[in-house]
Amino acid sequence: VNGTYGEYFSAIPQRVPDGIAYLQYSWGENKASHLRVSTVLRDMYLHNKVTNDNTTQLGWGVQLSGNIHINKMLQFFMNGTYGEGITDYIQDLTGAGLDFTPNPTDPSRVQTMPMWGWQAAAQVNILPNLFVSGGFSMVQVQHKNGFYADNQYRRGQYIFGNIFYSLTPRFKIAAEYLWASRKNMNSDENHANRVNLLFKYSF
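Think of each chain on its own: its residues are numbered from 1, step by step along the sequence as written. With the structure being a predicted model, the display of local features is reserved for residues of pLDDT at least 70 and the display and counting of side-chain atom pairs for 80 or more, all residues being used for whole-chain, interface and lining totals. Values shown for side chains rest on all heavy atoms present in the structure; no hydrogens or waters enter the calculation.

Participant: Any details on the overall build of the protein? Residues and values, ideally.
Facilitator: The helix count covers DSSP runs of H or I at least four residues long, the strand count covers runs of E at least two residues long, and both are numbered beginning at the N terminus. Of the regular secondary structure elements, the protein holds 0 helices and 12 strands. Written out in order from the N terminus, the α and β elements of the protein read β-β-β-β-β-β-β-β-β-β-β-β. With respect to the principal axes defined by its C-alpha atoms, the protein has extents near 65 × 40 × 35 Å. Exposure is judged per residue with a 1.4 Å probe applied to protein chains only, and the accessible area is read against the type maximum: over 50% gives exposed, under 20% gives buried, and values in between give partly exposed. In the protein, buried positions account for 33% of the 203 residues. Sequence-distant contacts in the protein: of pairs separated by 6 or more residues, those separated by 24 or more amount to 53%. Note on areas: Shrake-Rupley, 1.4 Å probe, and residue coverage restricted to the protein chains presented here. A total accessible area of about 12,000 Å² is found for the protein, and carbon and sulfur atoms account for 57% of it. We call two residues in contact when some of their heavy atoms are within 4.5 Å.

Participant: So what's going on with the side chain of Thr 87? Which residues, and what values?
Facilitator: With respect to the element layout, Thr 87 can be found in the loop between strand 5 (74–84) and strand 6 (100–103). For this analysis, a polar contact is any N or O atom pair within 3.5 Å, provided that within protein one partner can donate a hydrogen and the other can accept it, and provided that sequence-adjacent residues contribute only side-chain to side-chain pairs. A distance of 2.8 Å separates polar atoms of two side chains, one belonging to Thr 87 and the other to Asp 99. Beyond its immediate chain neighbours, meaning those up to four positions away, Thr 87 contacts Asn 2, Arg 42, Leu 93, Thr 94, Leu 98, Asp 99 and Met 115.

Participant: Can you explain unusual backbone geometry? Please cite residues and give values.
Facilitator: The phi dihedral of Asn 30 falls on the positive side, at around 55°, and the residue is not glycine. Structurally, Asn 30 is set in the loop between strand 2 (19–27) and strand 3 (33–48).

Participant: Mind laying out the environment of Ile 86, listing which residues take part and the relevant values?
Facilitator: Summarising the element assignment, Ile 86 is placed in the loop between strand 5 and strand 6. Residue class for Ile 86 comes out buried when judged on its relative accessible area of 1%. Taking C-alpha positions, Ile 86 is 9.9 Å from Leu 58, a pair spaced 28 residues apart along the chain. Among residues more than four places away in sequence, those in contact with Ile 86 are Val 40, Arg 42, Trp 60, Gly 61, Thr 81, Asp 99 and Met 115.

Participant: Can you explain the pairing of strand 6? Please cite residues and give values.
Facilitator: Any two strands with at least two DSSP-identified bridges between them are counted as paired. The pairing of strand 6 with strand 7 (residues 106–112) spans 4 bridges and is classified as antiparallel. Considered in strand 7, the bridge of Thr 101 is made with Gln 111. With antiparallel pairing between neighbouring strands as the criterion, strand 6 and strand 7 make up a hairpin whose turn holds 2 residues.

Participant: Help me get a handle on the layout of surface pockets, residues and values and all.
Facilitator: Computed from the structure, the largest pocket encloses a volume of approximately 460 Å³. Lining residues are those with an atom within 4 Å of a point, where the points come from a 1 Å grid over the protein atoms alone and group into cavities, where a 1.4 Å probe fits but cannot get out, or pockets, open sets with protein on both sides within 12 Å along at least five of seven lines. Lining the largest pocket are 20 residues, with Gln 91, Asp 92, Gln 119, Ser 137 and Tyr 158 sitting closest to its centre. For the lining of the largest pocket, the elements supplying multiple residues, two or more each, are strand 5, strand 8 (114–127), strand 9 (130–141), strand 10 (153–166) and strand 11 (171–184). Gly is placed with the polar residues, together with every amino acid not listed as nonpolar (Ala, Val, Leu, Ile, Met, Phe, Trp, Tyr, Cys and Pro) or charged (Asp, Glu, Lys and Arg). Looking at the lining of the largest pocket residue by residue, the classes come out as 10 nonpolar, 7 polar and 3 charged. Grid points are joined across faces, edges and corners, and a volume is the space filled by probe spheres set on the points.

Participant: Can you explain the packing of aromatic side chains? Please cite residues and give values.
Facilitator: Any Phe, Tyr or Trp ring, taking Trp's six-membered ring, that has another such ring centre within 6.5 Å forms a pair; planes under 30 degrees apart are called stacked, those over 60 apart edge-to-face, and the others tilted. Overall, the coordinates contain 7 aromatic pairs when judged by the stated rule. Look at Trp 60 and Tyr 82: their rings are 5.8 Å apart centre to centre, the planes differ by 55°, and that puts the pair in the tilted class. Note that Trp 60 is positioned in strand 4 (residues 53–69) and Tyr 82 in strand 5, a separation of 22 residues in sequence. Taking the relative accessible area as the measure of exposure, Trp 60 reaches 29% and is therefore partly exposed. Seen in terms of ring centroids, Tyr 201 and Phe 203 are 5.0 Å apart; in terms of plane orientation they differ by 75°. Their pairing is edge-to-face. In this structure Tyr 201 comes out as partly exposed when scored by relative accessible area, which is 45%. Since its relative accessible area comes to 88%, Phe 203 is described here as exposed. Joined through ring pairs, the aromatic side chains of Phe 171, Tyr 201 and Phe 203 make up one cluster.

Participant: Outline the environment of Glu 176, listing residues and values.
Facilitator: Residue position: Glu 176 is located in strand 11. Its relative accessible area of 22% is what places Glu 176 among the partly exposed residues. Along the primary structure Glu 176 and Ile 163 are separated by 13 residues, whereas in three dimensions their C-alpha atoms are 6.6 Å apart. Once residues within four sequence positions are removed from consideration, Glu 176 is found in contact with Phe 160, Gly 161, Asn 162, Arg 194, Val 195 and Asn 196. A polar contact is formed between the side chain of Glu 176 and the side chain of Asn 162, at a distance of 3.1 Å.

Here is the structure:
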């Protein structure tokens, strides 16, 4: 659990693990392609310092994901997620304190935060030892009774492209370009560019 507790609440040990279930349909050669519908339920415990009682917030989420092999050269990847209080399941929001926040209309109460994200990518296998891939992703935290802080995360976007080449079965090199942006609740926004290089040797 990673929430913003404010002055009226504090963290306590969690009592119930997250409950997860999924249904998957696979097809094609060696069942290489699939679509999956997943769900998660979270019972998030916290302590009310005013009443000296423990209370809970319900987190929940649903996801549709898939890996679709068109042929030996081309495959697609995608997923879409929506829920409340599920920052551990959306990478860009992990550690952001947004499973729940104080309610802006009544700071003595907390509220779970609605959030969603999606991504789509494709991989093209040019040669048996050479492939390129690229994709786009977006994450957004929705308003609920307004927002708690001006610099609170609102939306992030990523665009990436990369290339992987295996010089030998043990030695692989790769390069990637990434463009990313972030927008806060008060509409402040900026972006960044990044280039990654990878050299991998497997002993």
